[in-house]
Amino acid sequence: MLTRREEIVQLLTERESSLQAIANHFRTDLKEILEDVQHVEQTIRPKKLMRKPAACKSCGFPFKERNRIKTPSKCPRCRKEWIQPALFRIE
Ligand SMILES: [Zn+2]
């Protein structure tokens, strides 16, 4: 039986995923998953946690990583609400 953190490692090794998708998968809070992922990042060396920052799907505007928990709801450039959340992957 794997711990949730071990499962997250497995999941992110297989495919890239957003924190929200992981939270949905485990039916838990985004905040808990964020803590898990931060812990995982310290323990997977020499592997690395890769981050693709959130971006606007419409115009490609890249969001800064300032707020890693919540995906911004609106693009400041084109004002569309079609945002790709930050994606994580272990390589
Ligand atoms: Zn945009």
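Predicted model, so just to flag it, every value in this text is computed and none were measured.

A. Layout of the nonpolar core. The biggest cluster of nonpolar side chains holds 11 residues, and these are I8, V9, L12, L19, I22, I33, V37, V40, A54, A86 and F88. Elements supplying a minimum of two residues to this core: α1 (4-14), α2 (19-26) and α3 (30-43). Those residues within four positions of V9 in sequence are excluded, and the remaining contacts are V40, I44 and I90.

B. Just the packing of α1 against α3, in detail. Where α1 contacts α3, the two axes come as close as 10 Å, and the packing angle between them is 75°. For the element pair α1 / α3, the angle class is roughly perpendicular. For the pair α1 and α3, the contacting residues are R4, R5, I8 and V9 in the first and D36, V37, H39 and V40 in the second. Considering only residue class, the contact of α1 with α3 consists of four nonpolar, one polar and three charged.

C. Local environment of α1. Those residues of α1 not exposed but buried are I8, V9 and L12. Buried residues in α1, looked at end-on, bunch into an arc of 100°, giving them a common side. For α1, exposure combined with an orientation more than 90 degrees from the buried face picks out E6, Q10, T13 and E14. Those residues of α1 that are buried are in contact with α2, α3 and β4 (87-90).

The rules behind these values
Residues numbered from 1 in each chain as written. Predicted model: local features only at pLDDT ≥ 70, side-chain atom pairs only at ≥ 80, totals over all residues. Core = buried A, V, L, I, M, F, W, Y, C linked by C-beta atoms within 7 Å. Buried ≥ 20, exposed ≤ 12 C-beta atoms within 10 Å, placed from the backbone. Helix = DSSP H or I, 4+ residues; strand = E, 2+ residues; numbered from the N terminus. Contact = placed C-beta atoms within 7 Å. Axes fitted to C-alpha atoms, helices over the stretch in contact; angles between N-to-C directions. Parallel < 35°, antiparallel > 145°, perpendicular 65-115°, else oblique. Nonpolar A, V, L, I, M, F, W, Y, C, P; charged D, E, K, R; others polar. Arc of directions from axis to C-beta.

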